[in-house]
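Next come the chains, spelled out residue by residue.
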Amino acid sequence: MTLSSSSFICLYKPSKLSVPRQQHRPAMSPTTVLLLLSLVLQTPLNALKTSKDCIGGGGGGDGSLQFDLYLTSCPLAEAIIFSGVQRAVADDARMAASLLRLHFHDCFVNGCDASVLLDDTAEMTGEKTAGPNANSLRGFDVVEGIKAELEMACPETVSCADLLAIAARDSVLLSGGPTWPVEVGRRDGTAASLSMATTNLPSPTSGVATLLQKFENVGLSAKDMVALSGAHTIGKARCSTFASRLTGTGDRLFLQSLRQLCSGSPSSNGTTTASSLVHLDVGSPMVFDNQYYANLFAGEGLLQSDQALAGEAGEVGLLAKAYAADEALFFEDFTASMVRMGRLAPPAGSSGEVRKSCRAVNS
């Protein structure tokens, strides 16, 4: 799929609000949530309203997505989603990365249609058991809880695909990162694809050439690939996903610490440390910032696919180096790439609906 230039938004400086960066954050009151959301949305939306010619139609340029769809049909939709994400992140700071990752893994398989959320049925095997997703994706219960609140407020109005896109934005914001207006109007898919989830999603062991091809396959550029890789500034990975790094090159002390964490010796509860979780960003693991890129040039990229970015001499390496030096540039490019990824649409002719439950198609 190739996206036309009209489907790309104009770049704008993303807002960055002052959000506490400690690992455990107190829950906000509903009034505070609404106030914060108004600050999140007001400036970018006003700016975009004055330059619609350069925004494009959204949804791959077909006009199906827009910024204000729920203003009348479900005016509290974004406040409900933000509040649910905020509670989840306050309870488990790692949930921010998990919700962001759900949106990525959804959009790379037949577009952003919430197919990743579907449970297996007698007639269909979903995407949750695909290699890149099994024992890895999490946050399904959080999404389902938020969806239940949305259904109480405005039944069969807000799609699960839109919920994922908005929750990803809010997860970044609550981790101290930038914000951006989210286009909405996606429909929920009525089928999932285990095979496409297995083949379409980038692997943590991929080299740069493979990463570029995976992104190109869905209509995203090299710049999108490098910018979106910066999502690894938060979250954790299991030792099994970066085993190749343990015998690779990089900072000697860093690799030695990884080998100790992933030695496979039995732990007190009977499991092995080979399944241990390690922060993707050792410098500032709970904060969404540009430290991830600085780590790469220090030889401290956790995943092989991450560390490979710093070894490129062309556009990929130059972008990674630029983001390491300029956090504002990273935020600007990341937010633009998130909007572009959010426009990845299901194949033409695909049926869609607004699910009542994100786990199952409507009966």
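As a reminder, the structure under discussion sits directly above these lines.
What counts as what
- Residues numbered from 1 in each chain as written.
- Predicted model: local features only at pLDDT ≥ 70, side-chain atom pairs only at ≥ 80, totals over all residues.
- Heavy atoms only, no water.
- Helix = DSSP H or I, 4+ residues; strand = E, 2+ residues; numbered from the N terminus.
- Buried < 20%, exposed > 50% of the residue type's maximum accessible area, 1.4 Å probe, protein only.
- Contact = heavy atoms within 4.5 Å.
- Areas by Shrake-Rupley, 256 points an atom, 1.4 Å probe, with all protein chains shown as cover.
- Phe/Tyr/Trp six-rings, centres within 6.5 Å; stacked < 30°, edge-to-face > 60°.
- Disulfide = S-S within 2.5 Å.
- Salt bridge = Lys/Arg side-chain N within 4 Å of Asp/Glu carboxyl O.
- Expected span 1.5 Å × (residues − 1).
- Polar contact = N/O pair within 3.5 Å; in protein donor to acceptor, adjacent residues only side chain to side chain.
- Arc of directions from axis to C-beta.

Undergrad: Would you explain the overall build of the protein in this entry?
TA: Within the protein, the regular secondary structure consists of 14 helices and four strands. The buried share of the protein, reckoned over its 363 residues, is 52%. A fraction of 76% describes how many contacts in the protein between residues 6 or more apart in sequence connect residues 24 or more apart. On the protein, roughly 15200 Å² of surface is accessible, and the fraction owed to carbon and sulfur atoms is 55%.

Undergrad: Help me understand the packing of aromatic side chains, please; the structure alone is not making it clear to me.
TA: We describe a pair of aromatic rings using the distance from one ring centre to the other and the angle between the two ring planes. Summed over all chains, the structure comprises 11 aromatic pairs. Ring centres of F108 and F215 lie 5.0 Å apart, and the angle between their planes is 75°; on these two criteria the pair is classed as edge-to-face. Note that F108 is positioned in the loop between helix 4 (95-107) and helix 5 (140-153) and F215 in helix 8 (residues 208-217), a separation of 107 residues in sequence. Each member of the pair F108 and F215 is classed as buried. Aromatic pair Y293 and F330: ring centres 5.1 Å apart, planes at 70°, arrangement edge-to-face. Taken together, the residues Y293 in helix 11 (residues 291-297) and F330 in helix 14 (residues 327-342) connect sequence positions 37 residues apart. Each member of the pair, Y293 as well as F330, carries the same accessibility label: buried.

Undergrad: Got a minute to help me understand the state of the cysteines in this structure?
TA: Formally, a disulfide is one covalent bond, and it connects the sulfur atom of one cysteine to the sulfur atom of another. A full pass over the atoms with the stated rule returns four disulfides. Linked covalently through their sulfurs, C74 and C154 form a disulfide whose S-S length is 1.8 Å. Linking C74 in the loop between helix 2 (70-73) and helix 3 (77-91) with C154 in the loop between helix 5 and helix 6 (160-174), this pair joins segments that are 80 residues apart in sequence.

Undergrad: Explain the pattern of salt bridges to me, please; I cannot follow it from the model alone.
TA: When the charged atoms of two side chains lie near each other, side chains of opposite charge can form a pair. Inspection of the entire model under this criterion finds 12 salt bridges. Ionic pairing is found between E78 and R169, a salt bridge with its closest N-O pair at 2.6 Å. Taken as a pair, E78 in helix 3 and R169 in helix 6 lie far apart in primary sequence, 91 residues in all. Like E78, the residue R169 is buried in the burial classification. Among the charged side chains, a salt-bridge network with shared partners connects D119, K128, D141 and R359.

Undergrad: What am I meant to see in helix 14 here?
TA: Count 3.6 residues to each turn of an α-helix, and residues three or four apart come out pointing the same way. Compared with an ideal rise of 1.5 Å per residue, which puts 16 residues at 22 Å, helix 14 spans 22 Å between its outermost C-alpha atoms and is within 8% of the ideal. Here helix 14 lies mainly inside the structure; 13 of its 16 residues are buried. Two to three positions downstream of the cap, the backbone nitrogen of A328 sits 3.1 Å from a side-chain oxygen, assigning the N-cap of helix 14 to D326.

Undergrad: Is there a simple way to explain helix 8 in this structure?
TA: Turning to helix 8, its buried residues number three or more, namely V208, L211, K214 and F215. Down the axis of helix 8, the buried set is contained in an arc of 125°. They therefore lie on one face. Counted as exposed and oriented over 90 degrees from the buried face of helix 8: A209 and E216. Those residues of helix 8 hidden inside the fold are in contact with helix 7 (194-200), helix 9 (222-229), helix 12 (304-310) and helix 13 (315-325). Phi turns positive one or two residues past the end of helix 8, at G219, with a value near 90°.

Undergrad: Where do I start with unusual backbone geometry in this structure?
TA: Excluding glycine, most residues fall at negative phi; most peptide bonds, likewise, are trans. One non-glycine residue, N110, lies in positive phi territory at about 60°. Tracing the backbone shows N110 in the loop between helix 4 and helix 5. On the basis of relative accessibility, which here comes to 26%, the residue N110 falls in the partly exposed class. Phi at N135 is positive, roughly 55°, even though this residue is not glycine. Position of N135 relative to the elements: it lies in the loop between helix 4 and helix 5.

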